[in-house]
Every structure is written in structure tokens, then in C-alpha cells.
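# Summary of structural features
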Amino acid sequence: MDFLFFPFRFIPATSLSYCCDLDQYSKRLDKQTRKRYLLLTGGLISTVLNTFLTQVYRSVHFATNKEINSIVFHLQLSEFAYMELSLKGKNVIVTGGALGIGKETCVLLAKQGANVIVSDIKEIEGNFVVEEIQNFGGEASFVKCDVTKEEEIIQLTNTFQNQNKRLDIMVNNAGIANKPSFMHKVTTEVWNKLILMDLTSVFWCQKYATKLMLGDRLGGSIINVASIAGLGASPSLGPYCVAKAGVIELTTTAALEVAKYGVRINAVCPGWTETAILDVAGERGKSTMEKNIPMGRLGKPKEVANLITFLASDASSFITGSVYRIDGGTRS
Ligand code: NAI
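Just so you know, these numbers come straight off a predicted model, no measurement behind them. (Residues numbered from 1 in each chain as written. Predicted model: local features only at pLDDT ≥ 70, side-chain atom pairs only at ≥ 80, totals over all residues.)

### Thoughts on the sheet that holds strand β5 (residues 220-225)
The strand order across the open sheet built from seven strands is β3-β2-β1-β4-β5-β6-β7, with neighbouring strands paired in parallel fashion. The strands lining the two open edges of the sheet, one partner per strand, are β3 (139-144) and β7 (323-326). Within this sheet the neighbouring strands show an average axis-to-axis angle of 20°, counted without direction. Sheet analysis places strand β6 (residues 263-270) next to β7, joined by four bridges and oriented parallel. Bridge pairing in β7 places Cys269 opposite Arg325. The sheet strands contacting helix α6 (residues 100-111) are β1 (91-95), β2 (115-120), β3, β4 (169-172), β5 and β6, and the helix crosses β1 at an angle near 170°. (Pairing = 2+ DSSP bridges. Helix = DSSP H or I, 4+ residues; strand = E, 2+ residues; numbered from the N terminus. Axes fitted to C-alpha atoms, helices over the stretch in contact; angles between N-to-C directions. Contact = placed C-beta atoms within 7 Å.)

### Let's talk about helix α10 (residues 188-215)
Since the α-helix turns once every 3.6 residues, residues separated by three or four places project in the same direction. Its 28 residues give α10 an end-to-end C-alpha distance of 38 Å, which sits within 8% of 40 Å, the value for a rise of 1.5 Å per residue. Its maximal kink placed at Leu196, α10 deviates by approximately 40°. The complete set of buried residues in α10 reads Leu194, Met197, Asp198, Leu199, Ser201, Val202, Trp204, Cys205, Gln206, Ala209, Thr210 and Met213. The first or second residue beyond α10 is Arg217, which carries a positive phi of 60°. (Expected span 1.5 Å × (residues − 1). Bend = angle between axes of the 7 residues up to and from the residue. Buried ≥ 20, exposed ≤ 12 C-beta atoms within 10 Å, placed from the backbone.)

### Topic: the pairing of β1
Burial analysis of β1 places five of its five residues in the buried class, which makes it a mostly covered element. The alternating pattern of β1 places Asn91, Ile93 and Thr95 on one face and Val92 and Val94 on the opposite face, and all of these are buried. Looking at chain direction, β1 and β2 are connected through five bridges and run parallel. Bridge pairing links Asn91 to Asn115 in β2. The parallel pair β1 and β2 is bridged by α6, and the resulting crossover is right-handed. Two strands pair when backbone bridges link them, and β1 and β4 are joined in this way by three bridges, in the parallel orientation. (Right-handed = clockwise from strand over helix to strand, strands pointing away.)

### Examining the site of the ligand
Gly96, Gly100, Gly175, Ser227 and Thr275 are the nearest of the 28 residues found near the ligand. Ranked by residue count, the leading element in the shell around the ligand is α6, at three residues. Counted by class, the shell around the ligand contains 15 nonpolar, ten polar and three charged residues. (Near = placed C-beta within 6 Å. Nonpolar A, V, L, I, M, F, W, Y, C, P; charged D, E, K, R; others polar.)

### Overview of the nonpolar core
Counting 62 residues, the largest nonpolar core has Val92, Cys106, Val116 and Val118 as its most contacted members. Apart from the residues within four sequence positions on either side, Val118 is in contact with Val94, Gly97, Ala98, Cys106, Gly126, Val129, Val130, Ala140 and Phe142. (Core = buried A, V, L, I, M, F, W, Y, C linked by C-beta atoms within 7 Å.)

### Focus on helix α8 (residues 150-157)
Three or more residues of α8 are buried, namely Ile153, Leu156 and Thr157. All buried residues of α8 lie within an arc of 90° about the axis, which places them on one face of the element. The elements touched by buried residues of α8 are β1, β2, β3, α9 (159-162) and α10. (Arc of directions from axis to C-beta.)

### What to know about unusual backbone geometry
One non-glycine residue with positive phi stands out, namely Asn164, at about 60°. Among the secondary structure elements, Asn164 is positioned in the loop between α9 and β4. What makes Asn164 exposed here is the crowd of 6 C-beta atoms within 10 Å. A positive phi is found at Ser236, a non-glycine position, where the angle reads about 80°. The residue Ser236 is located in the loop between β5 and α11 (238-258) in this model. Of the residues examined, Ser236 has 17 C-beta atoms within 10 Å and is grouped as partly exposed.

### Details of the pairing of β5
For β5, the buried fraction is high: six of the six residues fall into the buried class. Note that β4 and β5 share four bridges and pair parallel. Opposite Ile169, over in β5, you have Ser221 as the bridge partner. Of the crossover connections in this fold, the one passing from β4 over α10 to the parallel β5 is right-handed.

### Focus: the packing of α10 against α11
Where α10 meets α11, the axes come as close as 9 Å, and the angle between the chain directions of the two elements is 15°. By the angle between their directions, the pair α10 and α11 is classed as roughly parallel. Every pair of crossing elements has a handedness; the one defined by α10 and α11 is right-handed. Residues Val190, Trp191, Leu194, Ile195, Asp198, Leu199, Val202, Phe203, Gln206, Thr210 and Leu214 of α10 touch α11, and the partners they reach there are Pro239, Tyr240, Ala243, Lys244, Gly246, Val247, Leu250, Ala254 and Val258. For the contact of α10 with α11, the residue count by class is 15 nonpolar, three polar and two charged. (Parallel < 35°, antiparallel > 145°, perpendicular 65-115°, else oblique. Left-handed = near helix turned anticlockwise from the far one by under 90°.)

### Section: the confidence of the model for the chain
For the chain, the average pLDDT comes to 84, and 75% of its residues sit at 70 or higher. Across residues 32-43, confidence stays below pLDDT 50; counting only partners more than four residues off in sequence or on other chains, it has 27 contacts. pLDDT under 50 marks residues 77-82. Its contacts with residues more than four places away, or in other chains, come to three contacts. (pLDDT = per-residue confidence, 0-100.)

Rendered as C-alpha cells:
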């Protein structure tokens, strides 16, 4: 916005092309703000410009600093509201898409125009998500895949290719939490299960998606769902913390390896979010979590879906190897 206004205000009318920009942006303003439209500081050139603008807009006048600030503020808001997410025609796979964060992500990506494969072990719930998407005119289908099985992941990631389409976006979201237990009491069975489910599965999903995206040289976006538990100690959640810390390293390392080839890989780290995964903590555990969140509430799956959708879209085209906390301030 500085670009738009400050040249006008301090170096008035360096180029009439700004008028086109202003015209374009002004259409996004509400009527009230549009009426208070413009500007300039004075002088011969700005008078000429003013005359020109008067013909375009009925009420043009010299703005005070306060008014300009207010217009800039409104423009910034409208800029945000109109951010293009560029997901039309993109092919997406979301693992663990039947419930919780995965479900909301599938719905939001489809609302932005993406063709979504909802993948999960839960067939009935997954098909409900597909139905919900199709009901608003979106494109979706269900593919069953247990992410603890490498062969099933290979088949899943190849789904679009088998339909002569490409995989543009892969959201590696499926995950489980361990029952609370101190590290010295964790059995090898629990440890192996958690590492397979929350770390090795993400390694496989990322690996096969990356290969496809590199293969056709068109790039893509991969989003791994880690956790704030991967950023620091969470007593009683040892195996989960270790797996999620691994997901973060997996993300950043692979991202740097393929950054030059247009494949972007990022991780999101949700804080405690209202989904079934928190059931392991029980009601008392959940209310303790809530008390420890600076914003005083659990996150909502839709809030995490917003961040994932942004990272999936071209709006984040210069972001790779990044790790985003979304936790109401918990780890600040
Ligand atoms: P959720 O339990 O609501 O959803 C998890 C989904 O994964 C379910 O649809 C489930 O059927 C699916 N799933 C489980 N095992 C699977 C398997 N073997 N193969 C394929 N799909 C499988 O949980 P939520 O909260 O939506 O979790 C999504 C991701 O977010 C997980 O990776 C989780 O670790 C992460 N996360 C969640 C937080 C929370 O507080 N809800 C906090 C931080 C991270």
C-alpha cells in the first residue's frame, strides 16, 4: 500500500498508471470509504491529476493525513479479503481427511476450487466428507489408505497419475497420540507404533509425493502436520513429541534439498485443538490444556485448515522449509 499512496502524497502524480491501480483497488472498498476517496497534496501536477480523478469519481478532495491512514487501513483489509489462493484445478491429497483437522482442510481446499482426495482408514466418515464437498459443488473422492503401510501410500500418491492428472498438493495430516505415559514406562510396542504412525508414515508420504512432483518438473506443495509437541518437551507425550520433532526435521531437510525444483515443503505445528485426538487426555486434561493456552481456549480445526490452505496455495509461493506454530500463543 505504501507503493500506492506515498508516491501520490509526496511525489504527486509520478505516473498516471497509479490511477489504474487506485481504480482497481477502489472497487474493493465499501461505498463509504470510496466516497472519501482521494487525495493529493497540491501543486500543478496533482491539480491535473485531481481533475482527471474528478471525472472518474464524483467526490474527490484533498485528504488529510488521518484520512489517508484510514484509507490505507481499509485497503489493507480489502487486500487481505481478496487474497487469491489459486487452487482452482489443483489436485490435492489429504491423509487422515475423514475427521478433525484433516476434514476441515479437505472442505476448505475444495471451497478454494481444488480437486480433493479425502484419504483415511475410516471409510464411512471419509465418504461423508466427500458428500459434504460435492453438496456445495466441489470436487472430491475417497481413497482408503492406511498410512502405516508403505504399499498403500504408493498407491495413494499415484491415484492422480493413474487418471492422467498430476499431484499438486499433498497434506500429510494423519496422526495419533500416545496414551499419557512417562518415557521410562513406554513399551517398545507403543514406541514402535507411534514412530511408525506419526513419523515413518510422513516420511513415506513426503517421499513419494516429492518424487512425483520432481518427475514432471512442475513443482508442488507438501504440508506436514507436526505439533507444538515437536518443538519442546511435553511430559507424558514422549513418543508423540519425538515423532513430531522428527517430522519437523524431515520437513526442513527435504525442503532445502528440493527448493530449487519448485517443490515447497512446510510444516504446521498446531497447539491443542478441539478434535478427537485430545480424548486421550480426558476432560480434566483438556481443561488443564485450555488454562495453559494464553488465548484461553483450544484451537479450532478450521483455524489450522486456514493455515494449511495458505501454505498449499500460490499465495505462499516464496515459503519453503518453514515451520509454523498455530497455538494461541502457547509456545511463545
Ligand atoms: P483426529 O483424531 O480428529 O483425526 C485424525 C485422522 O487420522 C482420523 O480421521 C483418523 O481416522 C486418521 N487416521 C488414524 N490412523 C490412520 C492411519 N493408520 N491411516 C490413515 N489415517 C489414519 O485428530 P486431529 O487432531 O485432526 O489430528 C490431525 C493431525 O494434527 C495429527 O497429525 C495430529 O498429531 C496433529 N495435531 C493435532 C493436535 C490437536 O490438538 N488436535 C495438536 C497438534 C497436532
